[in-house]
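# Structural overview
Chain residues, written in single-letter form:
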Amino acid sequence: MKCALVHHTGTMIRFTTSQLPQLPRSDTDVTVALGRRTVNGRFHLHPANPYIAGPEIVRWIKARIPFGGVEQAWIDYEGRQAFRLTLGTGHTTRYRATMVAMSPAEAWKALRAILDEAEGAPPKQRRQRYARIARDPRLSSLLKRCFGATCQVEACTLLTGIPSRFHARCTEVHHLEAIARGGRSTPYNLVVICANHHRLVHRDPSARVTAVGPNRVEIETQAGLVVIRRNISKLT
Ligand SMILES: [Zn+2]
Ligand SMILES: [Zn+2]
């Protein structure tokens, strides 16, 4: 059994069993690829807390591989290596999780799964789930993968001169309706813009969103009308 997905955040890796209805909700079988070899195992998940912390999986890997023998591990998502864990050396359980080799179509699908999970929660928990998604670093990396790591502001040239492989770190995810005002972390409420446009919008107390559509968003600012072009049709 391949690993069901792994939802990773900066500090947490989550094996969800929701995509594997045939499995009991309390356990998940896991395959972790370590270089040319694979390690199989079973995590026992407590039904009330179906999360596996990153350090826990690192400890699990290290317990099965000779000391110091592993620096990187890959986590499969739907049969492909999708997340790379860079492990600290020795006994440390430090690690860094990076999403790799995911096409825009796969990113849309993964994003959809995250959002569906939040939307499917009972009303009382839904708000809490969205709040958690909003803090999830996966959200921004998936959105950037979907939309391309580029500023969606029409005619923005602020990334010109920066090599494209650095664009992801120069772009940010902005909530059109702030979380504090009840805005949700859904694609409809999110745009990917460059750090400069993000600052322009946030430092302008009079900035206001005047139009929101699936393909076009307008924000009035002191610096003029900011027009954002996007395409969320794949997700709706
Ligand atoms: Zn923002
Ligand atoms: Zn921009």
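Because the structure is predicted, anything quoted here is derived from the model rather than measured. (Residues numbered from 1 in each chain as written. Chains lettered and ligands numbered in written order. Predicted model: local features only at pLDDT ≥ 70, side-chain atom pairs only at ≥ 80, totals over all residues.)

Now for the overall build of the protein. When helices and strands are counted, the protein shows six helices and 13 strands. Relative to its 236 residues, the protein shows a buried fraction of 29%. Expressed as a percentage of contacts within the protein between residues at least 6 apart in sequence, the contacts between residues at least 24 apart total 46%. (Helix = DSSP H or I, 4+ residues; strand = E, 2+ residues; numbered from the N terminus. Buried ≥ 20, exposed ≤ 12 C-beta atoms within 10 Å, placed from the backbone. Contact = placed C-beta atoms within 7 Å.)

In this section: the confidence of the model for the protein. Scored by pLDDT, the protein comes out at a mean of 71, with 58% of its residues at no less than 70. Segment residues 47-51 is flagged for pLDDT under 50; beyond a separation of four residues in sequence, or across chains, it makes six contacts in the model. (pLDDT = per-residue confidence, 0-100.)

For the rest of this paragraph, the subject is the nonpolar core. Nonpolar side chains in soluble globular proteins tend to end up buried together. Ranked by size, the top nonpolar core spans 23 residues in total, and within it Leu-111, Leu-142, Leu-143, Cys-146 and Ile-193 carry the most contacts. Of all the secondary structure elements, the ones that give two or more residues to this core are α2 (104-119), α4 (137-147), β10 (190-194), α6 (195-202), β12 (216-221) and β13 (224-229). In this structure, Cys-146 is in contact with Pro-104, Ala-107, Trp-108 and Leu-111, ignoring residues within four places of it in sequence. Val-58, Ile-61, Leu-85 and Tyr-95 belong to the second-largest nonpolar core, a separate cluster that totals five residues. (Core = buried A, V, L, I, M, F, W, Y, C linked by C-beta atoms within 7 Å.)

What follows covers the environment of Ile-193. Relative to the helices and strands, Ile-193 is located in strand β10. A tally of 24 C-beta atoms within 10 Å means that Ile-193 is categorised as buried. Sequence spacing of Ile-193 and Val-173 is 20 residues, and the spatial spacing of their C-alpha atoms is 6.4 Å. Apart from the residues within four sequence positions on either side, Ile-193 is in contact with Cys-151, Gln-152, Val-153, Thr-171, Glu-172, His-174, His-198 and Ile-228.

Strand pairs in the sheet, formed through backbone hydrogen bonds, run parallel or antiparallel to each other. Within the open sheet, the three strands sit side by side as β11-β12-β13. Their pairing is antiparallel. Of all strands in the sheet, those bounded by a partner on one side alone are β11 (208-212) and β13. With strand direction ignored, the average angle separating the axes of adjacent strands in the sheet is 20°. Both β12 and β13 contribute to a ladder of six bridges, which runs antiparallel. (Pairing = 2+ DSSP bridges. Axes fitted to C-alpha atoms, helices over the stretch in contact; angles between N-to-C directions.)

Before going further, it helps to spend a moment on the pairing of β12. Two strands pair when backbone bridges link them, and β11 and β12 are joined in this way by four bridges, in the antiparallel orientation. Bridged to Val-209 within β12 is Ile-219. Hairpin remark: β11 followed by β12, antiparallel, with three residues in the connecting loop. A loop of two residues connects β12 with β13, the two strands running antiparallel in sequence.

Structurally, the position occupied by Glu-119 is in helix α2. Taking the C-alpha atoms as reference, Glu-119 lies 9.7 Å from Thr-186; in sequence the two are 67 residues apart.

Considered for burial, the residues of α6 that qualify are His-197, Leu-200 and Val-201. Down the axis, α6 shows its buried residues gathered within 95° of arc, on one side only. Opposite the buried face of α6, by more than 90 degrees, sit the exposed residues Arg-199 and His-202. Its buried side turned inward, α6 meets β9 (171-175), β10, β12 and β13. (Arc of directions from axis to C-beta.)

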